[in-house]
There are 2 protein chains.
Amino acid sequence: MKFIIQRDRLIQSVNEVMKAVTSRTTIPILTGIKLTADSEGLTLTGSDSDISIQSFIPVEEDEHEIVEVKESGAIVLNARFFGEIIKKLPMETVEIEVHNNFQTTIRSGKAEFNLNGLDAEEYPHLPLIEEENIIKIPADLLKSLIRQTVFAVSTSETRPILTGVKLEVQNEELTCIATDSHRLAMRKAPIESKLTDPTSVVIPGKSLNELSKILDDNNEIIEMVITENQVLFKAKNLLFFSRLLEGNYPDTSRLIPSESKTDVIVHAKEFLKAIDRASLLAREGRNNVVKLSTLPGGVIEVSSNTPEIGKVVEEVQAELIEGDELKISFSAKFVMDALKALEGTDIKINFTGAMRPFVIRSIHDDTMLQLILPVRTY
Amino acid sequence: MKFIIQRDRLIQSVNEVMKAVTSRTTIPILTGIKLTADSEGLTLTGSDSDISIQSFIPVEEDEHEIVEVKESGAIVLNARFFGEIIKKLPMETVEIEVHNNFQTTIRSGKAEFNLNGLDAEEYPHLPLIEEENIIKIPADLLKSLIRQTVFAVSTSETRPILTGVKLEVQNEELTCIATDSHRLAMRKAPIESKLTDPTSVVIPGKSLNELSKILDDNNEIIEMVITENQVLFKAKNLLFFSRLLEGNYPDTSRLIPSESKTDVIVHAKEFLKAIDRASLLAREGRNNVVKLSTLPGGVIEVSSNTPEIGKVVEEVQAELIEGDELKISFSAKFVMDALKALEGTDIKINFTGAMRPFVIRSIHDDTMLQLILPVRTY
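Small disclaimer: the values here were computed from a predicted structure and weren't measured. (Residues numbered from 1 in each chain as written. Chains lettered and ligands numbered in written order. Predicted model: local features only at pLDDT ≥ 70, side-chain atom pairs only at ≥ 80, totals over all residues. Heavy atoms only, no water.)

Draft legend 1. Inspection of the overall build of chain A at higher detail. When its secondary structure is counted, chain A shows six helices and 29 strands. Considering only C-alpha atoms, chain A reaches an extent of 80 × 55 × 40 Å along its principal axes. Sequence separation of 24 or more characterises 66% of the internal contacts of chain A that already satisfy a separation of 6 or more. In the form shown here, chain A has an accessible surface area of approximately 17,600 Å², with 45% of it arising from carbon and sulfur atoms. Separation of charge centres in chain A, based on 42 positive and 58 negative side chains, amounts to 7 Å. (Helix = DSSP H or I, 4+ residues; strand = E, 2+ residues; numbered from the N terminus. Contact = heavy atoms within 4.5 Å. Areas by Shrake-Rupley, 256 points an atom, 1.4 Å probe, with all protein chains shown as cover. Lys, Arg positive; Asp, Glu negative; His and termini not counted. Charge placed at Lys NZ, Arg CZ, Asp CG, Glu CD.)

Okay, structure coming up:
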């Protein structure tokens, strides 16, 4: 194998596939990046066996030559060293050549590296995906869906299925749900789908976080291909594979209360900042729990008390308080996460008593819902 | 105690004195910041007993009122909580009031915090410094002197004296020296001094790093006051105390070779980048050691070889190579640190053989010198 390539494009592709490479793998060859050069261009592959990423650099783009392939072939190079080397090379182009015994020369200007490579034949094959079940979704919408739900997945492995986000497709609508059993985040969006039957998969939260980092924030259409145990996201010159989580995702529909005893409408940012301040003294000892009480005159009181440090109390003027008087305690972190995800200027909170989950929605957007379980303190 | 203060000025002063506060102290009151309000203004103090910092906020500045002191007094408040609270308060002014039992109310807009304070009488007194031995130096020059030497102090406590920078004043000249016994950094500068006898002190590297972070990069004159076991740096509204290191600093003058067998002049940045690249593969296993060989035609070869990973070789065109042929090995990190400190475009290196220390200087500036011991590999 021998090729000459624009260094900045190589760096970009290496950064993309690096997102799938971990040094904590037990399979030595997965600490490497596979490079495959042929007449079409250069393909880079990185994988940690849960996630696999393939980035393609075409020979030519917009009539500019990007790669000049002098000899086809493939090699696996240590991801960390290869990544650091190409970032620090002196010139704008790099020549990469594989010799006997997988010895690989990386040349740029007067700098010449010789890296010990590994046999590309030993690199695991990517899953073969039959492109039957395809959903199309713009990249920026997909990134929003991930951002607004993935934070609510469980970080504990006691119920592995909850470490993923459930994606459900039905009647050209995609619903994303994440819950760690103390809170739940849900977002719906219309999509273009060729699926005839309702389909649902659970994708590991970690995979979605990495996918979100790689995708650009534009409206390029991403194709999502679902199989029994893999999902593939296809963007231009990029393939992102993730395994699916196996098991039954709990039925969350019955968790969402249909009735409401106290309704509050409040300015989201002001409410968020008040909770943030109240939580400052609550982070230690009290597990970040703050209290909320409704007061006469449409006022919400947010407070916390940690005897060994001090206490804090703040009044926030609500736009509306309707229904029963309420005193409730909750995790400041969970409510702040939910408010950040909602993005709205004004939010509506529906409480059904101090011991029941409450629901936060944006008043202008009903495609999104955040549900939080209170903490017993009163 | 009761006062109302501009919040941004309070944040700035808290950030300054915070540099001296550590949570790892065994003296509980030192986890706090002392606030003292009187008719002159507000004084904040932080200390870890090695370093003490005092920041003063005057009642009025440029005819703008900054602090309105309604009642004099003093209190000690937990540095971390107090710092976080004032950063997140909603309004531009803060009211702070101390009640019985050191209970302190912090009020801004509708947010009200109550912090448990500590008795300011229990806070250690700052050292009393007799202002006899005063040196005057512009802040930006002092920061340069620190930056160009402090990186070479020892990080090991086996010889505590080497964890400090030696400052020597003689004939209106200040010399700063740091060495960890594998390398040495020296910088001289003319200063204004009232000292009649040659004076030298050793200031902990950590103190100088913190001082450097607080000082602005301008030519404000800093007064440095030396006593037997303390040094005080005085800037406008700021006092910075550090203890001195006790013990005899080694005589470093005899370390610096007076002769030279091989002289090299090379472009600093190009040389630095070549060493950086050569060190990429040398970080593991070989302790970051790279090799340098002089070649015919005024060429320097920089290389490293780590059999299990690979090897790298790069030629750098020198502007001049004079004297004996040379092969030498050294720590890439030490040479890179030295080159970064020198700041020059062209540097001169004087070698006295593969086993002897070599000296790097900027060709345009002889106030600075970097000495490095080679590593035995040839």
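Draft legend 2. Just the packing of aromatic side chains, in detail. Residues and elements named next belong to chain A. Scanning the entire structure with this criterion turns up six aromatic pairs over all chains. Taken together, the ring pairs in this structure connect Phe330, Phe351 and Phe358 into an aromatic cluster. In this structure, arginine 80 packs its charged tip against the face of phenylalanine 81, placed 4.8 Å from the ring centre. (Phe/Tyr/Trp six-rings, centres within 6.5 Å; stacked < 30°, edge-to-face > 60°. Lys NZ or Arg CZ within 6 Å of the ring centre and 35° of its normal.)

Draft legend 3. View of the packing of helix α1 (residues 7-18) of chain B against helix α2 (residues 79-88) of chain B. Residue and element names in this part refer to chain B. At a minimum axis separation of 10 Å, α1 and α2 run at an interaxial angle of 150°. With respect to α2, the axis of α1 lies roughly antiparallel. Classified by chirality, the crossing of α2 by α1 is left-handed. Along its contact with α1, which presents Arg7, Leu10, Ile11, Val14, Asn15 and Met18, the element α2 presents Ala79, Arg80, Phe82, Gly83, Ile86, Lys87 and Lys88. Looking at the contact of α1 with α2 residue by residue, the class counts come to seven nonpolar, two polar and four charged. (Axes fitted to C-alpha atoms, helices over the stretch in contact; angles between N-to-C directions. Parallel < 35°, antiparallel > 145°, perpendicular 65-115°, else oblique. Left-handed = near helix turned anticlockwise from the far one by under 90°. Nonpolar A, V, L, I, M, F, W, Y, C, P; charged D, E, K, R; others polar.)

Draft legend 4. Examining the domain arrangement of chain A more closely. Residue and element names in this part refer to chain A. Here the domain parsing of chain A yields domain 1 (2-122), domain 2 (138-169 + 189-231 + 242-253) and domain 3 (256-372). For domain 1 and domain 2, the distance between their C-alpha centroids amounts to 29 Å. For the pairing of domain 1 and domain 2, the buried interface totals around 630 Å² over both sides, and the portion due to carbon and sulfur atoms is 59%. At the surface where domain 1 touches domain 2, the tally comes to two salt bridges. A salt bridge links arginine 243 to aspartate 50; its shortest N-O distance comes to 2.7 Å. Seen at the junction of domain 1 and domain 2, the total is one residue pair in polar contact (both at pLDDT 80 or more). Within the side of domain 1 that touches domain 2, the residues separate by chemical class into two nonpolar, no polar and four charged. (Domains from an automatic or database assignment. Buried area = accessible area lost by both parts, 1.4 Å probe. Salt bridge = Lys/Arg side-chain N within 4 Å of Asp/Glu carboxyl O. Polar contact = N/O pair within 3.5 Å; in protein donor to acceptor, adjacent residues only side chain to side chain.)

Draft legend 5. Spotlight on the relation of the copies chain A and chain B. Overlay of chain A on chain B (RMSD 0.0 Å): rotation 180°, translation along the axis 0.0 Å. What the rotation and shift describe, once combined, is the action of a two-fold rotation axis. No C-alpha of chain A approaches the rotation axis more nearly than that of Arg24(A), which lies at 16 Å. Counting the interface residues of chain A, we find that 100% of their copies in chain B are interface residues as well, pointing to one common contact surface. (Least-squares fit on C-alpha atoms with pLDDT ≥ 70 in both.)

Draft legend 6. Quick peek at the sheet that holds strand β9 (residues 93-98) of chain B. The strand order across the open sheet formed by nine strands is β26(A)-β22(A)-β23(A)-β24(A)-β11(B)-β10(B)-β9(B)-β1(B)-β7(B), and the pairing between neighbours is antiparallel. Only two strands of the sheet have a single partner each, and these edge strands are β26 (327-331) of chain A together with β7 (67-71) of chain B. On average, each strand axis in the sheet is inclined to that of its neighbour by 15°, with strand direction left out of account. In this fold α2(B) packs onto β9, β10 (103-108) and β11 (111-116) of chain B, with an angle of close to 170° to the strand it touches most, β11(B). (Pairing = 2+ DSSP bridges.)

Draft legend 7. A look at the nonpolar core. Core analysis: the biggest nonpolar cluster contains 104 residues, and Phe271(A), Ile275(A), Ile360(A), Leu35(B), Phe82(B) and Phe233(B) have the highest contact counts within it. Sort the elements by how many residues they give to this core and helix α6 (residues 332-342) of chain A lands first, with seven residues. Once residues within four sequence positions are removed from consideration, Ile360(A) is found in contact with Val335(A), Ala338(A), Leu339(A), Leu342(A), Ile347(A), Lys348(A), Ile349(A), Leu369(A), Gln370(A) and Ile372(A). Core analysis: the next-biggest nonpolar cluster, separate from the first, contains 103 residues, Val201(A), Leu238(A), Ile275(B) and Ile360(B) among them. (Core = buried A, V, L, I, M, F, W, Y, C linked by side-chain atoms within 4.5 Å. Buried < 20%, exposed > 50% of the residue type's maximum accessible area, 1.4 Å probe, protein only.)

Draft legend 8. The arrangement of the sheet that holds strand β21 (residues 262-267) of chain B in detail. Residues and elements named next belong to chain B. Here we have nine strands laid out as an open sheet, ordered β17-β13-β14-β15-β29-β28-β27-β21-β25, and antiparallel in their pairing. Edge positions in the sheet fall to β17 (199-204) and β25 (320-323), since each of these pairs with one other strand and no more. Strand-to-strand twist of the sheet, defined as the mean angle between neighbouring strand axes without regard to direction, takes the value 20°. As paired strands, β21 and strand β27 (residues 346-351) are joined by six bridges and run antiparallel to one another. Counted as the bridge partner of valine 266 is isoleucine 347 from β27. Sheet strands in contact with helix α3 (residues 139-149) are β13 (164-170), β14 (173-179), β15 (183-190) and β29 (365-372), and its direction is about 165° off that of β15. Here helix α4 (residues 205-214) sits on the sheet and contacts β13 and β17; the angle it forms with β17, its principal contact strand, is near 80°.

Draft legend 9. The environment of Ser362(A), seen in detail. Residues and elements named next belong to chain A. Within the secondary structure, serine 362 is located in strand β28 (residues 358-362). Along the sequence, serine 362 and leucine 339 sit 23 residues apart, while their C-alpha atoms lie 8.9 Å from each other. Apart from residues lying up to four places away in sequence, serine 362 is in contact with Leu342, Gly344, Asp346 and Ile347.

Draft legend 10. Structural context of the pattern of salt bridges. Residue and element names in this part refer to chain A. One pass over the structure, following the stated rule, counts 28 salt bridges over all chains. Between lysine 333 and aspartate 337 there is a salt bridge, with its nearest N and O atoms 2.9 Å apart. With a gap of four residues between them, lysine 333 and aspartate 337 both fall in helix α6, about one helical turn apart. By relative accessible area, aspartate 337 is classed as buried at 16%. By sharing partners, the salt bridges in this structure join Asp180, Arg183, Lys333 and Asp337 into a single network.

Draft legend 11. The arrangement of the pairing of strand β22 (residues 289-295) of chain B in detail. All names here are of chain B. Of all seven residues in β22, five are buried; the element is thus mostly enclosed. Note: β22 against strand β26 (residues 327-331), five bridges, orientation antiparallel. Bridge pairing in β26 links valine 290 to phenylalanine 330.

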